[in-house]
Amino acid sequence: MMASVHESLYFNPMMTNGVVHANVFGIKDWVTPYKISVLALLYEMTASKVSLPNRRRLNELILPLQQGPDLSFGQFVRTVEECCPPTASAVVIRLQEMADGELRDMEQFFSTLPFTAFDTEAYKTSVVGLFMRHMLLAYNKLSFSQVYKLYKSLQQYYHSQYTKPSDEVTLSALNLNFDGSDMDLTSTEDTVGDRMDKDELDTPLHETELRIDNAPSKGPLSQKQAEYFLARQAYLLKNDENKALKPAALQEELNNMLKFNPDFAEAHYLNYLNSMRVQDIFLSAHSLLHYFDRLILSGNEGKSNGDEGYGRSLRYAALNLASLHCRFGHYQQADLALQEAIRIAQESNDHVCLQHCLSWLYTLEQMKGSDSTVLTEDSVKMAAHFCLRYLASLGIQSLVQQGATQGKTAHKLMDALKDTDILHWKHSLSELIEISLAQTTSIWRMYGKSTMSAQQAQLLLNMSSLEPVNFGVHQNNTEAFAVALCHLAELHAEQGLYSAVSEILQHLKAQFPPHTQHAKLWMLCDLKIQFEKHMNEGKYHLAEPLLVAMSALNKTEGLYRKAIVLKALNRSTEAYNVLQRLQVHCDKTKCTELAIRVMLSTAELHWESSGFSTALPLLLQALALARQHHLQSLASETILHLAFTQLMLGVPEQALNVLHEAIEPVLAHGSVMDKGRALLLMARCQMEVAGFKPNRQGQTDLNMLALAVDTLDDAAIYFSKLNCAERQREIHYLQAQLYHTLGQHSQCNKSAMLFRLLDQELQTPAPPVSMRL
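Residues numbered from 1 in each chain as written. Predicted model: local features only at pLDDT ≥ 70, side-chain atom pairs only at ≥ 80, totals over all residues. Heavy atoms only, no water.

A. Spatial organisation of the overall build of the chain. The helix and strand tally for the chain stands at 39 helices and 0 strands. Intrachain contacts of the chain at a sequence separation of at least 6 include 69% that bridge at least 24 residues. (Helix = DSSP H or I, 4+ residues; strand = E, 2+ residues; numbered from the N terminus. Contact = heavy atoms within 4.5 Å.)

Right under this line is the structure:
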């Protein structure tokens, strides 16, 4: 989680250096058919009565229509209709009068533009008034030939909805090849009119008409259109990638933009962000280097900051390059780029850049699998010293994450998160609030508190963003949201609610497409859920193929699941070898949670060879670790293993006493499978304590046997939720024996029949009852 957060911290050139000069693109296209449509909308808003709710919606629409790229006539009308259908109809009628009328109708429209009182939209210094004045001034400067050409383009624009139903029309082409000098409001002479007249004589009219979107080349964008397009796409990529253009479409737009201005630095940076979406290492590095080259050559930094601006660009270029290599796992190249950034920052005495470098340094060490606790603590202290709250909080959260994986005590982690949360809410650090909630969700789940984990996940998913929200976007495609949704999917799967799991995963797939950086989270989550489902149902042949994909996403997780499958297939030697490799890995990485699971699986292998006494030291070691690190879920599971071992060693009374210690947290927070296994084990302990011996006469405690029957009924309910046929077959077998002993022959026959049906359905021999929990 930390690496992806770091990449949004350091240098946001889309916000700080978004300067696009008007002469870059060569077009000051104030008078176009699309702008006339916007002008007609403003005219109708001013001249007619519009209800207050509709007027509010139209006012919110004005700036996007003015500043955004040109829309086709169909898109424009639909956009207005969504806000106010009557006004949209009036605009269509107004444009129809001009398009189907004569040239004087368009002239009449411009001559009647209203400039009204101070408290209305069309006041001369308002946004609407300024737009109208620019349009009117630009129109008055047109020569007759230009006015005629504008009129023909308006006709073509209006009738394009009938001749070409597709909305994929490039309206920059509808400017009919107006040159930038055509609309230059500062010109004192009409020097271009004669040239345009000559061009029109030499060029047939149909060659200057519409170009559709799939044409080989598109017309250039104006300054404001380019700025608006880049700002919008950068914002969408950061906050809601699904609403941004598709990678291929965005790449095409950027290529078209760079074709007219190869030195446009911000377009190169957006190209870098777009390449990162599809994990294109070559193009992303190429675009990033081009961005900083163009930024330095353009002199934007140097003009504002002198020589310091040049050095700032260089060190942040190296820092961004290091983050890029970190993303793709090129740790050696990342380390070299990071050392270069540190050297330049030290030469310039830039403490802020040095802190960014230090935070990336401990992140890089963490990615390599090294212990970066000391580096992280130093980073937090220095960030606090320089009042860099964001980096300080980020470092504390990184320490919490490391502490959770290394088995730090629960109260220390929660206290640290509580202190950082106060800082986050005080300064409205929205991203860090989301990360904190996602981390709390993960920690509660690790400790076995499923209810608290689900509560924290829901709190995150229902939290409104504290950041200004533009373009109708809520920040819901960050890694924190993906983590929370994956936890919710796994929690629902543990309770057998697979329909809800399917809905959550569908939302994850839609929100985080496979090419995005956080898609690996739901991919691994989906594989784990499928794996557990197949294992619970006894379909080991379906679980085994999932191991390859799981290992590709997480090698350690895939190796552990491989051991489980091998154990289920009775390939004990291979399973033991895999578990020993995992144990060495856990000792090296200090991963307590996985280490306990490996010990439990190894103990189960000892059971298969009847080595119950051999399994006891492993189980006691696992229980000590789980209690030391407050892992209640794993502690309860370990107690179940201990109780089963004691039952097999012939001390059912002690096993029942131990089991009572774990049954409450299992029933409160455990999965459906754990609940069923715990109740089945309790029923078997009750049978042994009652002195039950199948097919043998002897003194038995009938009350205890009746209690065991009820316990088996409860266990059967849990196993039925998971469609766990093997476990249900085992329960019906035990119930048939108990009913026979209790003299309830009708119930005995029913259980025997259910056992027989399941046995025929499974067509596999039942595993020995004494060999598994």
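Once you've had a look at it, read on.
B. Unusual backbone geometry, seen in detail. A positive phi angle is found at asparagine 570, which is not glycine, with a value near 65 degrees. Summarising the element assignment, asparagine 570 is placed in the loop between helix H30 (555-568) and helix H31 (572-589). When its relative accessible area of 61% is taken as the criterion, asparagine 570 is described as exposed. Its identity is not glycine, yet asparagine 723 carries a phi of approximately 55 degrees, on the positive side. Tracing the sequence through the fold places asparagine 723 in the loop between helix H37 (702-721) and helix H38 (725-742). (Buried < 20%, exposed > 50% of the residue type's maximum accessible area, 1.4 Å probe, protein only.)

C. Expanded view of the pattern of salt bridges. Per the counting criterion, the structure on display carries 22 salt bridges. Between arginine 294 and aspartate 263 there is a salt bridge, with its nearest N and O atoms 2.9 Å apart. Taken as a pair, arginine 294 in helix H15 (residues 281-298) and aspartate 263 in the loop between helix H13 (247-260) and helix H14 (265-277) lie far apart in primary sequence, 31 residues in all. The exposure class assigned to arginine 294 is buried, which follows from its relative accessible area of 16%. The partner of arginine 677 in a salt bridge is aspartate 674, and the shortest N-O contact between them spans 3.4 Å. Here arginine 677 and its partner aspartate 674 are both found in helix H36 (residues 672-689), 3 residues apart, which amounts to about one turn of the helix. In this structure, a network of salt bridges that share partners links the residues Arg445, Glu490, Glu494 and Lys528. (Salt bridge = Lys/Arg side-chain N within 4 Å of Asp/Glu carboxyl O.)

D. Just the nonpolar core, in detail. In terms of nonpolar packing, the biggest core is built from 64 residues, with Ile443, Leu681 and Leu738 touching the most fellow members. Of the residues forming this core, the biggest block, 10 residues, is contributed by H36. Look past the residues within four positions of leucine 681 in its chain and what remains in contact with it is Leu640, Ala643, Phe644, Leu647, Leu659 and Leu773. Of all hydrophobic cores here, the second largest spans 43 residues; its members include Leu61, Cys83, Leu150 and Tyr151. (Core = buried A, V, L, I, M, F, W, Y, C linked by side-chain atoms within 4.5 Å.)

E. Structural view of H31. For H31, with 18 residues, the first-to-last C-alpha span of 25 Å sits near the 26 Å given by 1.5 Å per residue. Where H31 is buried, its residues contact H30 and helix H32 (592-608). Looking one or two places after H31, you find lysine 590, whose phi comes out positive at around 55 degrees. (Expected span 1.5 Å × (residues − 1).)

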